[in-house]
Amino acid sequence: MLKTYDFTRLLLLSVLLWVCPPLQAEQQSATLTQAVPLFQAASFDKTREAVDLLAVSGDAEAVPYLQALLDGQLYQHKAQGTLVIAKDGNTGDELRKIPTNNSLRKYVRAAVGQLSLSHPDAVVRLKSANGLLETVTPEMAAQLRGLLDKETDSAVKEALSLGLAMADLNAADKAVRLTAIESLAGNLHPGVRNRLTTMTTDSDTEVAKAAQEALRSIEDTAALYGHVETLFFGLSLGSVLVLAAIGLAITFGVMGVINMAHGELIMLGAYTTYIVQQLMPHAIDYSLFVAVPAAFIVSGAMGILIERTVIRHLYGRPLETLLATFGISLILQQLVRTVISPQNVPVSNPSWMSGSLEINSVLSLTYNRLYIVLFCLLVFALLYFVLRNTNLGLQVRAVSQNRAMARAMGVRSARVDALTFGLGSGIAGVAGVALSQLTNVGPNLGQSYIIDSFMVVVFGGVGNLWGTLVAGLSLGVVNKVLEPWAGAVLAKILVLVFIILFIQKRPRGLFPQKGRAAGD
Amino acid sequence: MFLNNVFKRTLLVVSMAAALGASSLAMADGDTIKVGVLHSLSGTMAISETTLKDTMLMLIDEQNKKGGVLGKKLEAVVVDPASNWPLFAEKARDLIEKDKVAATFGCWTSVSRKSVLPVFEEKNSLLFYPVQYEGEESSKNVFYTGAAPNQQAIPAVDYLMKEGEVKRWVLAGTDYVYPRTTNKILEAYLKSKGVDEKDIMINYTPFGHSDWQSIVADIKKFGGEGKKTAVVSTINGDANVPFYKELGNQGISAEDIPVVAFSVGEEELSGIDTKPLVGHLAAWNYFMSVENDGNKEFIKQWKAYTKNDKRVTNDPMEAHVIGFKMWVKAVEQAKSTDTDKVAEAMIGQEVPNLTGGTAKMLPNHHLTKPVLIGEIQADGQFEVVSKTPEVPGDAWSDFLPDSKNIVADWTGKETDGKPCGNFNTETKKCSGQKYE
């Protein structure tokens, strides 16, 4: 009996659930009902009209529909013509998606902004206020003034007053225009600059002059920040160069091995990142913390393997080493092509590495570059510490300075060689993790960095870690300073020409080794 | 036991003989018609071109199931030019001289096409070229089944002008022949539409460029000067990924500064993280997402043929489908595989395309194609936001001063009766095909 009752209730419930969607549709407000046929036309112009209709109505009920339209989740029931929001894309055949395009979405976003200016969440309010800045009409200005009085959040207040000042620039009264210009001076928002540029041809000379002055002050500040930006771009490019080169600074710089497979060790690190991300698809945000040690181990182990099987037989024969390691680099590339795929593999950015740190409207530093600059310095510091302050570091330096003497002192030079090469290779792997966040991960990844790496190490002075750091960073900055002026292709060529000339003058690089350590 | 063994052996011998007999019978039945497939299966272009080789094999297979052409089976001769441009010419010569192919389907990059062109003209054989290209060419021996600039680049710019109300333009490309020629045409076109010199920014980067920070910052600045800006990208290959990533990181959305690309398709998107690309545009003549019965059938066939449910279809594949079907019809109409007869029969051939329209071969050896603009979706597919009716392909751009007066007509109607691919309407002279 009880069972039957339960069953009936279940049946009733399911019937209710089934009936519910149409019921909901019938409850649509008057404006929504009016907008429905316009959506049905499936033309961007008609949809725009529908959005206008909803935006003007100020109908709060319209917001979720507009939001869904923005997110591509607004559908129309083919038979009934009602609007349906489908969150999970689970649509079936009866639903037809309402098409949007970029300009329409921009339009809808402004409409949503207008409707959500009195949203309880300050973040939403700020977003909508910022979206309105350049489009404040006199009718809206009155509404904004009312909102400004009630506003408590300082950032929103600022955005609202900026919008009002921009609206005041259109005022008929000269005094109002002048105060507006005055309040806008020094504001770096791009909309302000454009608006002021049009004001410089104002019919009133006084206003035009004021606009010119305000504009000049803005442009001076912007130019200053422009230089800061270039410097940052240069440092970030430089830190990529340093990361790619620093492993080589050990294997080539300290041990004197010309390792053409260095690029492929970087590539292995990048592929390790890919594999780690495949293994933990739900924790991409943390994947890099796993990938860094994993890449160190993978590339380091590969490095030790290469050293033990090939390079150790070739010490003191640089030409043969060069050829042998070049062969290894081809083998490693083909290995990746065969085992994984000849195509590039997708490596995602963790959310904390996407986006940018906005300092002001003209200067924002992208997080991925920012973290890589910091990461580069961290890796450098660690490596420096290992070489200076640990037993291994002491032995490495001893062997590289005078192998015979070090052996006489009881250092097992073969073991030290393997470990040093492993350390340099491991660092290359770590660099691969960083590069996977910036560039394509594919079998050819290493090739594009090997030349740059040698360039940095030779320029900095073989055998000197500091040299590598300074050389990498300064080459990055020089490249980025030249780039806007000469273009990307020519800038790179100019840097290479500069290095050729520099090496002619100072064959031992920026920081040559001195004294007995210089060897030969 | 012993007998049993003997019996088995005899059976084997007999069946082998039967098999041999059957095969020799098949041979005697009339030899096959050979079709050359000239796509790189190794090297940098292998990623894109291998797919086209598979497409050709599938099409030939399908045609053979229908009974072949002129009562003969088709036989694909696949060679690998290994992304090596001079090798393309050698392999093409082999196909024509040694294998005696009736027609060749192949090439991807413009430089490989330029490399094989003299061979096809010298040996008078046919090439079907399936990729969008920079135009400024019309050879008697080549059928261009991909888009000419007026079927891809110019309609895309028109769309942005009209729908996006774009006033400023960034023309960004990789530093080689296709982007440079396309941008030259686009620049001339924009100026003819009244766009000011200072509202056009042109930028070239090397192949595989990955450090886009300052270029994207420049684009941002350029776009922040009050007028709606768009980027027209002829950036090639994998340099696109870091470019779109950098746009995303610097906070430039497709709504602020849309990027329309001519080299980014389904195949290119299938291997990458598409999040930073969503909302940006691409212009092609075919998208996998187009809802059409012919397309649905083709996708089903392709997935079954490759035995992979995740494989995507793309624009150059459609070009091969159209080109192959036209060739089959032309051969049947000409009742011969003779180059001149087939080439004559090709002109005017009509074949349904996969987007619900009809492709027609024009006297200048280009096709009529609809132009589709699509927005990139998170799943690597495109949502079509604009579709034009069929546009006739124009071999010689009307927007370049050098080629304005040049027309191509292999029937001779517009070229004073003499078939010509390079006819100057002012001097009334056919200057012959010129190769750059």
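Keep in mind that what you see is a predicted model, and the values were worked out from it rather than measured. Numbers given to residues run from 1 along each chain, matching the order in which its sequence is written. Lettering for chains starts from A, numbering for ligands starts from 1, and both go in the order in which the items are written. A pLDDT threshold of at least 70 governs which residues receive local features in this predicted model, and a stricter bar of 80 or more applies before side-chain atom pairs are shown or counted, although totals over entire chains, interfaces and linings include all residues. Side-chain numbers here rest on the full set of heavy atoms in the structure, without hydrogens or water.

Q: Could you clarify how one ought to interpret the overall build of chain B in this entry?
A: Each helix is a run of H or I in the DSSP string that is no shorter than four residues. Each strand is a run of E no shorter than two, and both are numbered from the N terminus. When helices and strands are tallied, chain B shows 12 helices and 19 strands. With the C-alpha coordinates aligned to their principal axes, the bounding extent of chain B is approximately 95 × 60 × 40 Å. For chain B, the share of sequence-separated contacts (at least 6 apart) that also reach a separation of at least 24 residues comes to 64%. For chain B, the accessible area works out to roughly 17,900 Å², and carbon and sulfur atoms hold 55% of it. Any two residues having at least one pair of non-hydrogen atoms within 4.5 Å are treated as being in contact. Each accessible area is a Shrake-Rupley result for a 1.4 Å probe, and residues are judged covered by the shown protein chains and nothing else.

Q: Sorry, what's going on with the state of the cysteines here?
A: Disulfides are covalent bonds that link the sulfur atoms of two cysteine residues. Residues and elements named next belong to chain B. Here, the term disulfide refers to a pair of cysteine sulfur atoms separated by no more than 2.5 Å. Taken as a whole and assessed by the stated rule, the structure comprises one disulfide over all chains. Note that C420 is cross-linked by a disulfide to C430, the S-S spacing being 2.0 Å. The sign of the 90 degrees torsion about the S-S bond sets the C420-C430 disulfide as right-handed. Of the two residues, C420 is situated in strand β18 (residues 420-424) and C430 in strand β19 (residues 429-430); the sequence distance between them amounts to 10 residues.

Q: Explain unusual backbone geometry here, please?
A: The phi angle of most residues is negative, glycine excepted, and most peptide bonds adopt the trans form. Residues and elements named next belong to chain B. At K335, a residue that is not glycine, the phi angle is positive and equals roughly 55 degrees. Mapped onto the elements of the fold, K335 is located in the loop between α11 (315-334) and α12 (339-346). Relative accessible area serves as the criterion here: at 66%, K335 is assigned to the exposed category. Positive phi values are uncommon outside glycine, yet H365 reaches one of about 70 degrees. Remark: exposure states derive from per-residue accessible area (1.4 Å probe, protein chains only) relative to the maximum for the residue type, with buried under 20%, exposed over 50%, and partly exposed in between.

Q: Just to check I follow, could you spell out the interface of chain A and chain B for this structure?
A: It is common to give the size of an interface as the accessible area that goes away when the parts come together. Facing 43 residues of chain A, the contacting portion of chain B comprises 45 residues. Put simply, buried area is how much 1.4 Å-probe accessible surface two parts lose in total, over both of them, once they are put together. With both sides pooled, the region where chain A packs onto chain B buries about 3,300 Å², and carbon together with sulfur makes up 39% of that total. In terms of surface lost to chain B, no three residues of chain A exceed N102, F233 and N440 of chain A, which account for 16% of the buried area on that side. Note on definitions: salt bridges are taken to be side-chain nitrogens of Lys or Arg within 4 Å of carboxyl oxygens of Asp or Glu. Summed over the shared surface of chain A and chain B, the number is six salt bridges. The salt bridge partner of R369 of chain A is D211 of chain B, with a shortest N-O separation of 2.8 Å. Polar contacts, as used here, are pairs of N or O atoms within 3.5 Å; protein pairs need one atom able to donate a hydrogen and one able to accept it. Residues neighboring in sequence count only if both atoms are side-chain atoms. For the pair chain A and chain B, the number of links is 12 residue pairs in polar contact (both at pLDDT 80 or more). If you list the elements that add at least two residues to the side of chain A that touches chain B, you get α5 (102-115), α10 (190-199), α11 (205-254), β5 (364-366), α15 (367-389), α20 (465-486) and α21 (488-505) of chain A. For the side of chain A that touches chain B, the element with the highest residue contribution is α5 of chain A, accounting for five residues. Tallied by class, residues from the side of chain A that touches chain B come to 15 nonpolar, 20 polar and eight charged. In this count, Pro and Cys sit with the nonpolar residues alongside Ala, Val, Leu, Ile, Met, Phe, Trp and Tyr, while Asp, Glu, Lys and Arg are called charged and the others, Gly among them, polar.

Q: How should the domain arrangement of chain A be read in this particular structure?
A: A domain assignment, automatic or from a database, supplies the domain bounds used here. Split by domain assignment, chain A resolves into domain 1 (25-109), domain 2 (127-199) and domain 3 (224-353 + 365-518). The straight-line distance from the C-alpha centre of domain 1 of chain A to that of domain 3 of chain A is 53 Å.

Q: Please explain the sheet that holds strand β14 (residues 372-376) of chain B as it appears in this structure.
A: One key point about sheets: their strands pair by backbone hydrogen bonds, in either a parallel or an antiparallel sense. All names here are of chain B. Here we have seven strands laid out as an open sheet, ordered β7-β6-β8-β9-β10-β14-β15, and mixed in their pairing. Either end of the sheet is taken by a strand with one partner, and the two such strands are β7 (200-205) and β15 (382-387). Taken pair by pair, the neighbouring strands of this sheet meet at an average axis angle of 25 degrees, ignoring direction. For two strands to count as paired, DSSP must find a minimum of two bridges between them. In this sheet, β15 lies alongside β14 in antiparallel orientation, the contact comprising five bridges. Note on geometry: axes are lines fitted to C-alpha atoms, helical ones only across the stretch in contact, with angles between N-to-C directions running from 0 to 180 degrees.

Q: Is there a simple way to explain the packing of aromatic side chains in this structure?
A: A ring pair, where both rings are aromatic, is described by two values, the distance of the centres and the angle of the planes. Residue and element names in this part refer to chain B. Planes of paired rings set the category: under 30 degrees apart is stacked, over 60 is edge-to-face and the rest tilted, where pairs are Phe, Tyr or Trp rings (Trp by its six-membered ring) whose centres lie within 6.5 Å. Here the structure, examined in full by the defined rule, presents 23 aromatic pairs over all chains. Centre to centre, the rings of F105 and F128 are 4.6 Å apart; their planes meet at 10 degrees, and the pair counts as stacked. Residue F105 is found in strand β3 (residues 103-106), and its partner F128 is found in strand β4 (residues 127-129); the two are separated by 23 residues along the sequence. Of the aromatic side chains, those joined through ring pairs into one cluster are F105, F128, F143, F324 and W327. For a lysine, the NZ atom is tested; for an arginine, the CZ atom; a charge sits over a ring if that atom is within 6 Å of the ring centre and within 35 degrees of the ring normal. The aromatic ring of F222 is capped on one face by R168, whose charged end is 4.0 Å from the ring centroid. Directly above the ring of Y204 sits R180, whose terminal nitrogen or CZ lies 4.0 Å from the centroid.

Q: What's the story with the environment of E483 of chain A in this structure? I'm lost.
A: Its place among the elements puts E483 of chain A in helix α20. With a relative accessible area of 7%, E483 of chain A lands in the buried category. In the structure, E483 of chain A is positioned 269 residues away from A214 of chain A in sequence and 30 Å away in space, judged by C-alpha atoms. Excluding its chain neighbours within four sequence positions, the residues that come into contact with E483 of chain A are A488 and A491 of chain A together with S214 and I215 of chain B. A distance of 2.8 Å separates the side chain of E483 of chain A from the side chain of S214 of chain B, its partner in a polar contact.

Q: For this particular structure, what's the right way to read the confidence of the model for chain A?
A: Keep in mind that low pLDDT regions are not for reading the predicted coordinates in detail. Residue and element names in this part refer to chain A. The predictor's confidence in any single residue is recorded as pLDDT, a number from 0 to 100. With 91% of its residues at a pLDDT of 70 or more, chain A has an overall mean of 82. Averaged over each element, pLDDT in chain A is lowest for helix α1 (residues 2-26) (45) and highest for helix α12 (residues 262-279) (95). Here residues 1-5 is modelled with pLDDT under 50, and outside its nearest four sequence neighbours on either side it reaches zero contacts, counting other chains as well. Taken together, the stretch residues 10-27 has pLDDT below 50 and engages in two contacts with residues farther than four places along the chain or on a different chain.

Q: What exactly am I supposed to notice about the environment of S116 of chain A here?
A: Residue and element names in this part refer to chain A. Along the polypeptide, S116 turns up in the loop between α5 and α6 (122-132). You can call S116 buried: its relative accessible area is 9%. When the C-alpha atoms of S116 and A249 are compared, they prove to be 56 Å apart, with 133 residues separating the residues in sequence. Discounting chain neighbours no more than four positions away, the residues touching S116 are V124, R125 and S128.

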